[in-house]
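Per-entry structural report
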Amino acid sequence: MSRTMRLAVIPGDGIGQEVVAQGLKVLNAVLPSDVKLETREYDLGARRWHATGETLPDAELESLKDHDAILLGAVGDPSVPSGVLERGLLLKLRFAFDHYVNLRPSKLFPHTDTPLAGRPEIDFIVVREGTEGPYVGNGGSLRTGTPHEVATEVSLNTALGVERVVRDAYERAQARPRKKLTLVHKNNVLVYAGHLWKNVFDRVGREYPEVTTDYLHVDAATIFFVTQPERFDVIVTDNLFGDILTDLAAAVTGGIGLAASGNINPTGAFPSMFEPVHGSAPDIAGTGKADPTAAVLSVALLLRHLGHEAEADRVEEAVADDLAARGTGPRTTDEIGDALAARVSG
Ligand code: NAI
Ligand code: MG
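Residues numbered from 1 in each chain as written. Chains lettered and ligands numbered in written order. Predicted model: local features only at pLDDT ≥ 70, side-chain atom pairs only at ≥ 80, totals over all residues.

Going by an unreviewed UniProt entry, the chain carries the name 3-isopropylmalate dehydrogenase and comes from Streptomyces syringium. Turning to the chain, the UniProt record has this under Function (unreviewed entry): "Catalyzes the oxidation of 3-carboxy-2-hydroxy-4-methylpentanoate (3-isopropylmalate) to 3-carboxy-4-methyl-2-oxopentanoate. The product decarboxylates to 4-methyl-2 oxopentanoate." (UniProt positions renumbered as here; feature names shortened; annotations may be inferred.)

Next comes the structure, spelled out in structure tokens:
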């Protein structure tokens, strides 16, 4: 029986284009021959905005729905005003497709450099809420540009939104050997949102008696990411805390060139979107210096999400083996992609 994987591809800007090409190379190499890969490329990002003024036209949003998943490189360029593509494209997609789980695994592969002393064991995942918090655009400014300017940016937290992401995190913790879930918030200061999160976390937790739970304020969590990263297994947190914590997680696990992410709609109502955590890196675009590993690991998350577990494992093993074999001088984006594609097909 032949199966089809319908994949929407948004290479985007800068190194987004370069790393997505390698991700697709590895995907093609790992897919079994009875799976037919159908890709459709979308021209979205800074280039498109400069050319037409569009960020994400409704017709394109509609046609994106008609796919099993989306692979995104990165969008953005210093020439585009801050916020235009973030709100008009990335956040619009996350909200429209209800990507309420923003999944960011953090693993220190053997033989990978970390700035941390003593080479701690790091293997945790951050489940970041993706559709609420301070990212919803609920705010405004008055008397803008005057000495009396007032700005608000209201964090939105709903019982339903918190419960569904907390439940997803419990499920993931339950499925892992250590079965530990840590809630990160700041409920001593952000008391209204913080108590909603903590109450939901405790209530849902009663349904998962095997999962050990912990709570940390976000500032304390940043300390433990550096001093005791091995204490974490699964972390659940709000949109803003998760954004910041996962950049720190990337820094301690070998850098932004290795950090993958998934914007997931667990119900399957809309396609989920997989992307490296990094941006378009205009400082190295076109030089061949971009590490495509984060994009390739994002392809592994995509495969796992679509039920191709064995293929996802092969991609992750190829990355682990490739990292272990590194050290003989720098390789280009293309060379790393070729090496990974050869490992998954060999
Ligand atoms: P960035 O992640 O693009 O770059 C930060 C630093 O990390 C740069 O020095 C860059 O050279 C390096 N770097 C990033 N990815 C790398 C890779 N794969 N291999 C080797 N080095 C790598 O973040 P920055 O500079 O803050 O943003 C650049 C643009 O990207 C901005 O327009 C920003 O808005 C956008 N951006 C887009 C994101 C997305 O599409 N999801 C996420 C983050 C930023
Ligand atoms: Mg970020």
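On we go from here.
**Some thoughts on the nonpolar core**
Side chains of nonpolar character tend, in soluble globular proteins, to be buried together. Residues Val26, Val127, Val299 and Val315 are the most contacted members of the largest nonpolar core, which totals 88 residues. The element best represented in this core is helix H9 (residues 293-305), accounting for 9 residues. Every residue in contact with Val299, bar those within four places of it in the chain, is listed here: Gly23, Val26, Leu27, Leu71, Phe274 and Val315. (Core = buried A, V, L, I, M, F, W, Y, C linked by C-beta atoms within 7 Å. Buried ≥ 20, exposed ≤ 12 C-beta atoms within 10 Å, placed from the backbone. Helix = DSSP H or I, 4+ residues; strand = E, 2+ residues; numbered from the N terminus. Contact = placed C-beta atoms within 7 Å.)

**Comments concerning the packing of helix H10 (residues 309-324) against helix H11 (residues 333-345)**
Across the interface, H10 lies against H11 with an axial gap of 9 Å and an inter-helix angle of 125°. By the angle between their directions, the pair H10 and H11 is classed as oblique. Pair H10 / H11 crosses with right-handed handedness. Here Arg314, Val315, Ala318, Val319, Asp321 and Asp322 of H10 lie close against H11, whose contacting residues are Ala339, Leu340, Arg343 and Val344. (Axes fitted to C-alpha atoms, helices over the stretch in contact; angles between N-to-C directions. Parallel < 35°, antiparallel > 145°, perpendicular 65-115°, else oblique. Left-handed = near helix turned anticlockwise from the far one by under 90°.)

**So, the sheet that holds strand S12 (residues 272-276)**
Strand pairing in a sheet relies on backbone hydrogen bonds, with the paired strands running either antiparallel or parallel. An order of S2-S1-S3-S12-S11-S4-S5-S10-S8-S9 is seen for the 10 strands of this open sheet, with the pairing classed as mixed. A strand with exactly one partner marks an edge of an open sheet, and here the two such strands are strand S2 (35-41) and strand S9 (212-217). With strand direction ignored, the average angle separating the axes of adjacent strands in the sheet is 25°. Taken together, the 7 bridges between strand S1 (residues 3-12) and S2 define a ladder with parallel strand orientation. When the sheet's bridge partners are listed, Arg6 is paired in S2 with Glu38. (Pairing = 2+ DSSP bridges.)

**Let's talk about the site of ligand 1**
Around ligand 1, 20 residues are found, and the nearest of them are Ala74, Gly76, Gly257, His278 and Gly279. For the shell around ligand 1, the per-class residue count stands at 11 nonpolar, 5 polar and 4 charged. (Near = placed C-beta within 6 Å. Nonpolar A, V, L, I, M, F, W, Y, C, P; charged D, E, K, R; others polar.)

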